[in-house]
Amino acid sequence: MNNQWSHIQTEIVKNAGTITLNRPEVLNALNTMMVSEIVQAMENFDQDQTVKVIVLKGAGRAFAAGADIDEMLDKNAIELELLNQFSDWDRIARIKKPIIGAVHGFVLGGGFELALCCDILLASQYTEFGFPEAGLGIMPGAGGTQRLTKLIGHARAMKWLLTGERFSAEDAWQYGIVSSIVPDQLLVEETEKMAEAIAKKPPLSVRLIKESVHKANELSLAEGMQQERKNFYLLFSSEDQKEGLRAFKEKRKADFKGR
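Residues numbered from 1 in each chain as written. Predicted model: local features only at pLDDT ≥ 70, side-chain atom pairs only at ≥ 80, totals over all residues. Heavy atoms only, no water.

With respect to the domain arrangement of the protein chain
Selection criterion: Domain start and end points were adopted from an automatic or database domain assignment. We call two residues in contact when some of their heavy atoms are within 4.5 Å. In short, buried area is how much 1.4 Å probe accessible area vanishes from two parts on joining, totalled over both. One speaks of a salt bridge when a side-chain nitrogen belonging to Lys or Arg is within 4 Å of a carboxyl oxygen belonging to Asp or Glu.
Split into domains, the protein chain comes out as domain 1 (8-199) and domain 2 (203-249). Spacing between the C-alpha centres of domain 1 and domain 2 amounts to 27 Å. The partner domain 2 presents six residues to the nine residues of domain 1 that form the contact. Approximately 610 Å² of surface area, both sides summed, lies buried where domain 1 meets domain 2, with 52% of it carried by carbon and sulfur atoms. When residues of domain 1 are sorted by the area they lose upon contact with domain 2, Lys96, Asp119 and Lys150 head the list and together hold 62% of the total. The residue Asp119 makes a salt bridge to Lys210 at a minimum N-O spacing of 2.9 Å.

Below, the structure is given as C-alpha coordinates:
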(Lines give C-alpha, C1' and ligand atoms only; values in the text may rest on other atoms or scores of the structure.)
Protein backbone atom coordinates (compact mmCIF):
# COMPACT_ATOMS: atom_id res chain seq x y z
CA MET A 1 0.00 0.00 0.00
CA ASN A 2 1.10 3.55 -0.76
CA ASN A 3 0.77 5.72 2.34
CA GLN A 4 1.52 9.16 0.86
CA TRP A 5 -2.18 10.01 1.25
CA SER A 6 -4.01 11.00 4.42
CA HIS A 7 -7.53 9.81 3.52
CA ILE A 8 -6.99 7.00 1.00
CA GLN A 9 -4.58 4.17 0.26
CA THR A 10 -3.34 3.12 -3.18
CA GLU A 11 -1.58 0.13 -4.66
CA ILE A 12 -0.96 -1.52 -8.04
CA VAL A 13 -1.62 -5.25 -8.31
CA LYS A 14 -1.65 -7.13 -11.65
CA ASN A 15 -1.99 -3.92 -13.69
CA ALA A 16 -4.91 -2.69 -11.58
CA GLY A 17 -4.51 0.56 -9.70
CA THR A 18 -6.56 0.27 -6.51
CA ILE A 19 -7.84 3.23 -4.49
CA THR A 20 -9.21 2.43 -1.03
CA LEU A 21 -11.25 5.03 0.83
CA ASN A 22 -9.65 4.97 4.25
CA ARG A 23 -11.69 6.82 6.87
CA PRO A 24 -13.46 3.79 8.34
CA GLU A 25 -14.04 5.51 11.68
CA VAL A 26 -16.58 7.81 9.94
CA LEU A 27 -17.77 5.21 7.41
CA ASN A 28 -15.57 6.87 4.76
CA ALA A 29 -17.55 10.11 4.81
CA LEU A 30 -16.27 12.26 1.95
CA ASN A 31 -14.67 15.62 2.67
CA THR A 32 -12.96 17.91 0.17
CA MET A 33 -9.48 16.58 0.99
CA MET A 34 -10.57 12.98 0.46
CA VAL A 35 -12.23 13.74 -2.88
CA SER A 36 -9.12 15.67 -3.97
CA GLU A 37 -6.92 12.69 -3.10
CA ILE A 38 -9.23 10.24 -4.89
CA VAL A 39 -9.19 12.32 -8.08
CA GLN A 40 -5.42 12.88 -7.94
CA ALA A 41 -4.83 9.14 -7.48
CA MET A 42 -7.13 8.39 -10.43
CA GLU A 43 -5.24 10.85 -12.62
CA ASN A 44 -1.91 9.35 -11.53
CA PHE A 45 -3.11 5.88 -12.49
CA ASP A 46 -4.53 7.22 -15.75
CA GLN A 47 -1.04 8.42 -16.71
CA ASP A 48 0.76 5.28 -15.49
CA GLN A 49 1.31 2.94 -18.45
CA THR A 50 1.58 -0.10 -16.15
CA VAL A 51 -1.99 0.47 -14.95
CA LYS A 52 -4.74 -0.81 -17.24
CA VAL A 53 -7.79 -0.45 -14.98
CA ILE A 54 -8.69 1.49 -11.82
CA VAL A 55 -10.48 -0.09 -8.85
CA LEU A 56 -12.30 1.98 -6.23
CA LYS A 57 -13.37 0.47 -2.90
CA GLY A 58 -13.88 1.37 0.76
CA ALA A 59 -12.24 0.17 3.96
CA GLY A 60 -14.27 -0.92 6.97
CA ARG A 61 -18.03 -1.37 7.15
CA ALA A 62 -19.04 0.87 4.25
CA PHE A 63 -18.00 2.10 0.83
CA ALA A 64 -18.97 5.67 1.75
CA ALA A 65 -21.90 6.77 3.92
CA GLY A 66 -22.16 10.26 2.45
CA ALA A 67 -20.47 13.64 2.66
CA ASP A 68 -18.79 14.92 5.80
CA ILE A 69 -21.59 16.93 7.44
CA ASP A 70 -19.20 18.68 9.84
CA GLU A 71 -17.47 20.28 6.88
CA MET A 72 -20.72 21.77 5.55
CA LEU A 73 -22.43 22.91 8.76
CA ASP A 74 -21.30 26.55 8.78
CA LYS A 75 -20.79 27.16 5.06
CA ASN A 76 -22.77 29.77 3.14
CA ALA A 77 -23.53 30.02 -0.58
CA ILE A 78 -20.68 32.43 -1.34
CA GLU A 79 -18.12 30.30 0.49
CA LEU A 80 -19.24 27.22 -1.43
CA GLU A 81 -19.08 29.08 -4.75
CA LEU A 82 -15.56 30.29 -4.03
CA LEU A 83 -14.50 26.86 -2.81
CA ASN A 84 -15.63 25.39 -6.16
CA GLN A 85 -15.49 21.93 -4.61
CA PHE A 86 -17.22 20.20 -7.50
CA SER A 87 -14.39 21.01 -9.90
CA ASP A 88 -12.57 17.94 -8.56
CA TRP A 89 -15.62 15.76 -9.25
CA ASP A 90 -15.72 17.04 -12.85
CA ARG A 91 -12.19 15.72 -13.39
CA ILE A 92 -13.36 12.14 -12.82
CA ALA A 93 -15.28 12.27 -16.11
CA ARG A 94 -11.98 12.89 -17.92
CA ILE A 95 -10.35 9.65 -16.72
CA LYS A 96 -9.65 7.54 -19.82
CA LYS A 97 -9.17 4.15 -18.18
CA PRO A 98 -12.12 2.09 -16.93
CA ILE A 99 -13.07 2.51 -13.28
CA ILE A 100 -14.49 -0.49 -11.42
CA GLY A 101 -16.30 0.27 -8.19
CA ALA A 102 -16.57 -2.40 -5.50
CA VAL A 103 -19.19 -1.27 -3.00
CA HIS A 104 -20.50 -2.69 0.25
CA GLY A 105 -22.34 -1.59 3.35
CA PHE A 106 -23.64 1.95 2.92
CA VAL A 107 -23.47 3.81 -0.40
CA LEU A 108 -25.24 7.02 0.48
CA GLY A 109 -25.29 10.65 -0.64
CA GLY A 110 -21.88 11.70 -1.89
CA GLY A 111 -20.76 8.07 -1.65
CA PHE A 112 -23.54 7.12 -4.06
CA GLU A 113 -22.51 9.94 -6.39
CA LEU A 114 -18.95 8.63 -6.35
CA ALA A 115 -20.18 5.12 -7.12
CA LEU A 116 -22.20 6.48 -10.05
CA CYS A 117 -18.95 7.85 -11.52
CA CYS A 118 -17.66 4.28 -11.95
CA ASP A 119 -17.90 2.52 -15.30
CA ILE A 120 -18.65 -0.88 -13.75
CA LEU A 121 -20.12 -1.36 -10.29
CA LEU A 122 -20.00 -4.57 -8.26
CA ALA A 123 -22.02 -4.65 -5.04
CA SER A 124 -22.05 -7.05 -2.13
CA GLN A 125 -25.46 -8.55 -1.51
CA TYR A 126 -26.26 -6.47 1.59
CA THR A 127 -25.33 -3.06 0.19
CA GLU A 128 -27.75 -0.19 0.78
CA PHE A 129 -28.00 2.74 -1.64
CA GLY A 130 -29.72 6.07 -1.17
CA PHE A 131 -29.78 9.86 -1.35
CA PRO A 132 -30.82 11.23 2.08
CA GLU A 133 -30.08 14.86 1.19
CA ALA A 134 -33.69 16.07 0.88
CA GLY A 135 -34.27 15.21 4.54
CA LEU A 136 -31.32 17.41 5.51
CA GLY A 137 -32.50 20.48 3.64
CA ILE A 138 -29.94 20.04 0.87
CA MET A 139 -29.69 18.07 -2.38
CA PRO A 140 -27.11 16.10 -4.37
CA GLY A 141 -24.57 18.42 -6.00
CA ALA A 142 -21.96 16.14 -7.57
CA GLY A 143 -24.16 14.66 -10.29
CA GLY A 144 -26.60 12.57 -8.28
CA THR A 145 -29.79 13.96 -9.80
CA GLN A 146 -28.36 13.77 -13.32
CA ARG A 147 -26.61 10.39 -13.35
CA LEU A 148 -29.34 8.58 -11.42
CA THR A 149 -32.06 9.93 -13.72
CA LYS A 150 -30.14 8.87 -16.84
CA LEU A 151 -29.68 5.38 -15.39
CA ILE A 152 -33.11 4.58 -13.97
CA GLY A 153 -35.48 7.15 -15.49
CA HIS A 154 -37.48 10.12 -14.26
CA ALA A 155 -40.12 8.36 -12.15
CA ARG A 156 -37.82 6.10 -10.16
CA ALA A 157 -35.20 8.82 -9.68
CA MET A 158 -37.85 11.20 -8.34
CA LYS A 159 -39.05 8.59 -5.86
CA TRP A 160 -35.63 7.84 -4.39
CA LEU A 161 -34.37 11.42 -4.44
CA LEU A 162 -37.45 13.01 -2.91
CA THR A 163 -38.21 10.38 -0.26
CA GLY A 164 -34.60 9.70 0.72
CA GLU A 165 -35.51 6.02 1.08
CA ARG A 166 -32.76 3.45 0.80
CA PHE A 167 -32.86 0.65 -1.71
CA SER A 168 -31.12 -2.69 -1.89
CA ALA A 169 -28.40 -4.15 -4.08
CA GLU A 170 -31.10 -6.22 -5.75
CA ASP A 171 -33.06 -3.08 -6.62
CA ALA A 172 -29.86 -1.43 -7.89
CA TRP A 173 -29.17 -4.42 -10.11
CA GLN A 174 -32.71 -4.48 -11.51
CA TYR A 175 -32.49 -0.76 -12.27
CA GLY A 176 -29.16 -1.15 -14.09
CA ILE A 177 -27.08 0.71 -11.51
CA VAL A 178 -24.84 -2.22 -10.61
CA SER A 179 -23.33 -4.73 -13.01
CA SER A 180 -23.23 -7.65 -10.57
CA ILE A 181 -24.23 -8.64 -7.05
CA VAL A 182 -21.80 -10.92 -5.24
CA PRO A 183 -21.65 -12.47 -1.78
CA ASP A 184 -19.93 -10.15 0.67
CA GLN A 185 -16.99 -12.50 1.20
CA LEU A 186 -16.37 -12.71 -2.56
CA LEU A 187 -16.50 -8.99 -3.40
CA VAL A 188 -12.73 -8.48 -3.45
CA GLU A 189 -12.08 -11.70 -5.35
CA GLU A 190 -14.71 -11.02 -8.02
CA THR A 191 -13.55 -7.43 -8.44
CA GLU A 192 -9.96 -8.59 -8.92
CA LYS A 193 -11.10 -11.14 -11.51
CA MET A 194 -12.95 -8.50 -13.49
CA ALA A 195 -10.05 -6.05 -13.27
CA GLU A 196 -7.61 -8.74 -14.43
CA ALA A 197 -9.85 -9.70 -17.36
CA ILE A 198 -10.09 -6.08 -18.55
CA ALA A 199 -6.38 -5.46 -17.98
CA LYS A 200 -5.57 -8.24 -20.48
CA LYS A 201 -7.44 -6.46 -23.27
CA PRO A 202 -5.63 -4.02 -25.60
CA PRO A 203 -5.67 -0.62 -23.82
CA LEU A 204 -6.68 1.42 -26.88
CA SER A 205 -9.76 -0.73 -27.50
CA VAL A 206 -10.77 -0.42 -23.86
CA ARG A 207 -10.25 3.34 -23.86
CA LEU A 208 -12.25 3.97 -27.03
CA ILE A 209 -15.07 1.63 -25.98
CA LYS A 210 -15.38 3.57 -22.72
CA GLU A 211 -15.41 6.86 -24.61
CA SER A 212 -18.09 5.63 -27.02
CA VAL A 213 -20.37 4.32 -24.27
CA HIS A 214 -20.14 7.60 -22.36
CA LYS A 215 -20.99 9.52 -25.53
CA ALA A 216 -24.14 7.42 -25.84
CA ASN A 217 -25.50 9.27 -22.80
CA GLU A 218 -24.74 12.68 -24.29
CA LEU A 219 -25.44 12.42 -28.02
CA SER A 220 -28.37 11.52 -30.25
CA LEU A 221 -28.34 8.02 -31.73
CA ALA A 222 -27.10 9.30 -35.09
CA GLU A 223 -24.33 11.36 -33.45
CA GLY A 224 -23.37 8.46 -31.20
CA MET A 225 -23.13 6.13 -34.19
CA GLN A 226 -20.76 8.57 -35.88
CA GLN A 227 -18.60 8.66 -32.75
CA GLU A 228 -18.56 4.86 -32.60
CA ARG A 229 -17.53 4.52 -36.24
CA LYS A 230 -14.80 7.14 -35.87
CA ASN A 231 -13.32 5.14 -32.99
CA PHE A 232 -13.77 1.87 -34.88
CA TYR A 233 -11.76 3.22 -37.82
CA LEU A 234 -9.16 4.77 -35.51
CA LEU A 235 -8.31 1.40 -33.98
CA PHE A 236 -7.27 0.14 -37.42
CA SER A 237 -4.27 2.46 -37.10
CA SER A 238 -3.04 0.59 -34.03
CA GLU A 239 -0.49 -2.19 -33.79
CA ASP A 240 -2.74 -4.01 -31.31
CA GLN A 241 -5.53 -4.27 -33.89
CA LYS A 242 -3.17 -6.01 -36.32
CA GLU A 243 -1.82 -8.26 -33.57
CA GLY A 244 -5.28 -9.14 -32.26
CA LEU A 245 -6.69 -10.22 -35.62
CA ARG A 246 -3.53 -12.11 -36.60
CA ALA A 247 -3.42 -13.92 -33.26
CA PHE A 248 -7.06 -14.92 -33.66
CA LYS A 249 -6.45 -16.26 -37.16
CA GLU A 250 -3.29 -18.08 -36.09
CA LYS A 251 -5.03 -19.50 -32.98
CA ARG A 252 -2.47 -18.12 -30.53
CA LYS A 253 -2.44 -15.75 -27.57
CA ALA A 254 -2.16 -12.12 -28.60
CA ASP A 255 0.75 -10.02 -27.37
CA PHE A 256 -0.70 -6.54 -26.97
CA LYS A 257 1.66 -3.56 -26.60
CA GLY A 258 -0.80 -0.71 -26.09
CA ARG A 259 0.19 0.89 -29.38
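Regarding the packing of helix α6 (residues 144-152) against helix α7 (residues 154-163)
Going by this rule: With axes taken as lines fitted to C-alpha atoms, and helix axes fitted only over the stretch in contact, angles between N-to-C directions fall between 0 and 180 degrees. Segments assigned H or I by DSSP are reported as helices when at least four residues long, segments assigned E as strands when at least two residues long, and all are numbered from the N terminus. Throughout, the term roughly parallel applies to angles under 35 degrees, roughly antiparallel to angles over 145, roughly perpendicular to angles from 65 to 115, and oblique to all others. Handedness of each helix crossing follows the sense of rotation of the near helix against the far helix: counterclockwise by less than a right angle gives left-handed, clockwise gives right-handed. In the scheme used here, Gly and all other residues not listed as nonpolar or charged are polar, with Ala, Val, Leu, Ile, Met, Phe, Trp, Tyr, Cys and Pro taken as nonpolar and Asp, Glu, Lys and Arg as charged.
At a closest axis distance of 7 Å, the pairing of α6 and α7 adopts a crossing angle of 135 degrees. Judged by the angle between their axes, α6 and α7 are oblique. Relative to α7, the crossing made by α6 is right-handed. Taking contact as the criterion, the partners of Thr145, Leu148, Thr149 and Ile152 in α6 are, on α7, His154, Arg156, Ala157, Trp160 and Leu161. Its residues assigned to classes, the contact of α6 with α7 shows five nonpolar, three polar and one charged.

Thoughts on α7
What counts here: Think of it in three bands: with a 1.4 Å probe and only protein chains considered, a residue is buried below 20% of the maximum accessible area for its type, exposed above 50%, and partly exposed in between. When we speak of the arc, we mean the arc of directions from the helix axis to the C-beta atoms.
For α7, the set of buried residues is Ala157, Trp160 and Leu161. Buried residues of α7, viewed axially, fall in a sector of 95 degrees; they line one side. Turned more than 90 degrees off the buried face of α7, the exposed positions are Ala155 and Leu162. In the stretch just after α7, Gly164 is the one whose phi turns positive, near 75 degrees.

Notes on the sheet that holds strand β5 (residues 106-108)
Definition in use: In this scheme, strands are said to pair when DSSP sees at least two bridges between them.
Strand order in the open sheet made by the three strands is β5-β7-β8, with mixed pairing throughout. In the strand order of this sheet, the two ends are held by β5 and β8 (167-168), each with one partner. Sheet analysis places β5 next to strand β7 (residues 128-130), joined by three bridges and oriented parallel. For Val107, the partnering residue across the bridge sits in β7 and is Phe129.

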